[in-house]
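Here's the letter readout for the chains.
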Amino acid sequence: MTKKTSNQMWGGRFADGPDAIMEAINASIGFDKRMAEQDIRGSRAHAAMLGATGIVSDSDAEAMREGLLTVLSEIEEGRFEFSTALEDIHMNVEQRLKEIIGAPAGRLHTGRSRNDQVATDFRLWVRDQLDAAESALTRLCQGFLAQAEAGADWVMPGFTHLQTAQPVTWGHHMMAYVEMFGRDLSRVRDARGRMNECPLGTAALAGTSFPLDRDMTAKELGFDRPCANSLDAVSDRDFALEFLSVASICAMHLSRLAEELVIWSSAQFRFVALSDRFSTGSSIMPQKKNPDAAELIRAKIGRIFGANVALMTVMKGLPLAYSKDMQEDKEQVFDAADHLMLALAAMDGMVRDMTANRDALEAAAGSGFSTATDLADWLVRVLDMPFREAHHVTGSLVAMAEGRGVDLPDLSLEDMQSVHSDITDDIFDVLGVHNSVASRTSYGGTAPERVREQVARWKEKLA
Ligand code: ARG
């Protein structure tokens, strides 16, 4: 018999060991060792339950729980030797446990399979990431709140098509991002709530004949309840896909913001100065201060969205229940999570550190005929003109100003009256940018008082 080279965990019916290529394509230990802590947490909960239900003796359960802690400390201290021949983290841990405690280690896998084990480990890992994302997003929103509070009444141009549209306040623009990242936060919480069910004890696919207490293991691992269908429990990766889709939307938001920071920090705009801590220089052009962090954050959506598409594609053709295809889930999620967390941290630093250039913002706010809508609204309000006609009259005034190379407030009353004789001097009041933003008091509008209300509301929500 050549039995000694076959796998010790499942080699019973094998005469020969795997080909080196087979081992290379099959092994996941190279990446799933990142779930060692979760694997051991899950196994310790399972061992405690096996003891409590009398499926194994108390002393065996205790030996397993203690031995697993030893394995964990070996891994944490970098003293553990991972083996590709043992395929994955589950078998690496169990084999080492056997070396440490001997025979009782063989009872750990009672009423359990690697299928429910990996599903449990991965849920625990993803859940930790959702928790980390929740903290990171809360912090990021708080950074925007500080910016919004400081500049609730600073004026800047608001854009559509990246063309000057109407003046807005800096605070209002900052609060738009709080709304966006606030939605990400609520998506993170939704995803966490939905995924928090425990697959452990559903075994290979059909459940088990051992009298497991699945409520006990679920509770011990912080899950709300055990998964109710064993086939679904071992084959479901929705929790990973939800994480990736939440991460994709969040990365898209980060990317849009990054794009604004790249534009705003350019010499042509000068709306903000990024701190030295979050900028880089050029090796040839001494004057340069580049927004590299923003550019990299802008690019992160590529790999995060890629991971989402990759895992959707892996899952789409799989019959119930477990298929080995699903082993391809982890690297995508690990990579997306690492880069999302890094992007969130870098954005948080940039937002907190950035200085708005109030003068440049104000100068830009008044250019580009940004108060043309205010002029048209004045014609409607004071002269009772239909809006469509007011739009036309204002258009003529804009054309006149443009022809002379001046802004709307630079036209004289006579100029205005040459287009419409009923216009009076009062019209100049609405052409100033501060009056313009102060007048936009509709709910959700840019007026400083409205911005301050939203800052207060969000402060309470995020507390
Ligand atoms: N390494 C495997 C994975 O990540 C663990 C589950 C293996 N199960 C099996 N039936 N071969 O999916």
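Everything here concerns the structure above.
Residues numbered from 1 in each chain as written. Predicted model: local features only at pLDDT ≥ 70, side-chain atom pairs only at ≥ 80, totals over all residues. Heavy atoms only, no water.

Engineer: Whenever I open this one, the pattern of salt bridges confuses me. Can you help?
Structural biologist: Pairing between side chains of opposite charge can happen when their charged atoms approach one another. Summed over the entire model, instances satisfying the criterion amount to 30 salt bridges. Put simply, Asp-276 and Lys-289 hold a salt bridge, and the shortest N to O gap is 3.0 Å. Linking Asp-276 in the loop between β5 (272–273) and α11 (292–315) with Lys-289 in the loop between β5 and α11, this pair joins segments that are 13 residues apart in sequence. Overall, the relative accessible area of 62% leaves Asp-276 in the exposed class. (Salt bridge = Lys/Arg side-chain N within 4 Å of Asp/Glu carboxyl O. Helix = DSSP H or I, 4+ residues; strand = E, 2+ residues; numbered from the N terminus. Buried < 20%, exposed > 50% of the residue type's maximum accessible area, 1.4 Å probe, protein only.)

Engineer: Just to check I follow, could you spell out a nonpolar patch on the surface for this structure?
Structural biologist: There is a patch of nonpolar side chains on the surface, built from Leu-205, Leu-231 and Leu-320 and spanning about 280 Å² of accessible area. Along the chain, the position of Leu-205 falls in the loop between β3 (197–198) and α8 (214–220). The class for Leu-205 is partly exposed, based on a relative accessible area of 39%. (Patch = residues over 30% accessible without salt bridge, like charges linked within 9 Å, V, L, I, M, F, W, Y side chains within 5 Å. Areas by Shrake-Rupley, 256 points an atom, 1.4 Å probe, with all protein chains shown as cover.)

Engineer: Would you explain the nonpolar core in this entry?
Structural biologist: Nonpolar side chains tend to gather and get buried jointly when the protein is soluble and globular. Residues Val-126, Phe-144, Trp-170, Phe-181, Leu-254, Val-333 and Met-347 are the most contacted members of the largest nonpolar core, which totals 75 residues. Secondary-structure elements contributing two or more residues to this core are α6 (114–150), α7 (170–195), α10 (238–264), α11, α12 (329–353), α13 (358–366) and α18 (448–462). Other than its neighbours up to four places away in sequence, Phe-181 contacts Leu-137, Leu-140, Cys-141, Phe-144, Cys-250, His-253, Leu-254 and Leu-257. Listed in part, the 21 residues of the second largest apolar core include Trp-378, Met-385, Met-400 and Leu-408. (Core = buried A, V, L, I, M, F, W, Y, C linked by side-chain atoms within 4.5 Å. Contact = heavy atoms within 4.5 Å.)

Engineer: Which parts of the structure should I look at to understand the side chain of Ser-235?
Structural biologist: In this fold, Ser-235 is placed in helix α9 (residues 230–235). For Ser-235, the side chain forms a polar contact with the main-chain oxygen of Leu-231, separated by 2.8 Å. For Ser-235, the contacting residues outside a window of four places in its chain are Met-315, Leu-320, Ala-321, Tyr-322 and Met-326. (Polar contact = N/O pair within 3.5 Å; in protein donor to acceptor, adjacent residues only side chain to side chain.)

Engineer: Would you mind going over the site of the ligand with me for this structure?
Structural biologist: Near the ligand, the surroundings consist of Ser-28, Asp-32, Asp-88, His-90, Arg-114, Asn-115, Val-118, Tyr-322, Gln-327 and Lys-330. Take Asn-115: an N or O atom from its side chain is 2.9 Å from a nitrogen atom of the ligand. The contact in question runs from an oxygen atom of the ligand to an N or O atom on the side chain of Tyr-322, over 2.4 Å. When the free accessible area of the ligand is taken as 340 Å², the share hidden by the protein chains comes to 86%. Here the shell around the ligand takes 3 residues from α6, the largest share from any one element. Its residues placed into classes, the shell around the ligand shows 2 nonpolar, 4 polar and 4 charged. (Near = heavy atom within 4 Å. Nonpolar A, V, L, I, M, F, W, Y, C, P; charged D, E, K, R; others polar.)

Engineer: Would you mind showing me how to read empty space enclosed by the protein here?
Structural biologist: Summary: where empty space remains is shown by rolling a probe the size of a single water molecule over the atoms. Scanning the model with the defined rule gives 1 cavity of 30 Å³ or more in all. Approximately 30 Å³ is the volume attributed to the largest cavity. Residue lining of the largest cavity: Leu-130, Ala-133, Leu-137, Val-188, Phe-243, Val-246, Ala-247, Cys-250 and Leu-340, and that is the complete set. Of all elements in the fold, only α6 and α10 reach the threshold of two or more residues within the lining of the largest cavity. The greatest single-element share of the lining of the largest cavity, amounting to 4 residues, is contributed by α10. Residue classes in the lining of the largest cavity are distributed as 9 nonpolar, no polar and no charged. (1 Å grid on protein atoms, 1.4 Å probe; cavity = no way out; pocket = protein on both sides within 12 Å on 5 of 7 lines; lining within 4 Å. Points joined across faces, edges and corners; volume = space filled by probe spheres on them.)

Engineer: Just to check I follow, could you spell out the packing of aromatic side chains for this structure?
Structural biologist: Any aromatic ring pair is given by two values, namely how distant the centres are and how the planes are angled relative to each other. Considering all chains together, one arrives at 12 aromatic pairs under this definition. Ring geometry for Phe-122 versus Phe-239: centroids 5.6 Å apart, planes at 75 degrees, classification edge-to-face. With Phe-122 in helix α6 and Phe-239 in helix α10, the pair connects residues that are 117 residues apart, well separated along the chain. Overall, the relative accessible area of 0% leaves Phe-122 in the buried class. Look at Trp-264 and Phe-271: their rings are 6.3 Å apart centre to centre, the planes differ by 45 degrees, and that puts the pair in the tilted class. Overall, the relative accessible area of 3% leaves Phe-271 in the buried class. Among the aromatic residues, those joined into a cluster by ring pairs are Phe-159, Trp-170, Trp-264, Phe-269 and Phe-271. Lying across the ring of Phe-223, Arg-127 places its NZ or CZ 4.8 Å from the centre. Seen from the ring of Phe-122, Lys-330 lies directly overhead, with NZ or CZ sitting 5.5 Å from the centre. (Phe/Tyr/Trp six-rings, centres within 6.5 Å; stacked < 30°, edge-to-face > 60°. Lys NZ or Arg CZ within 6 Å of the ring centre and 35° of its normal.)

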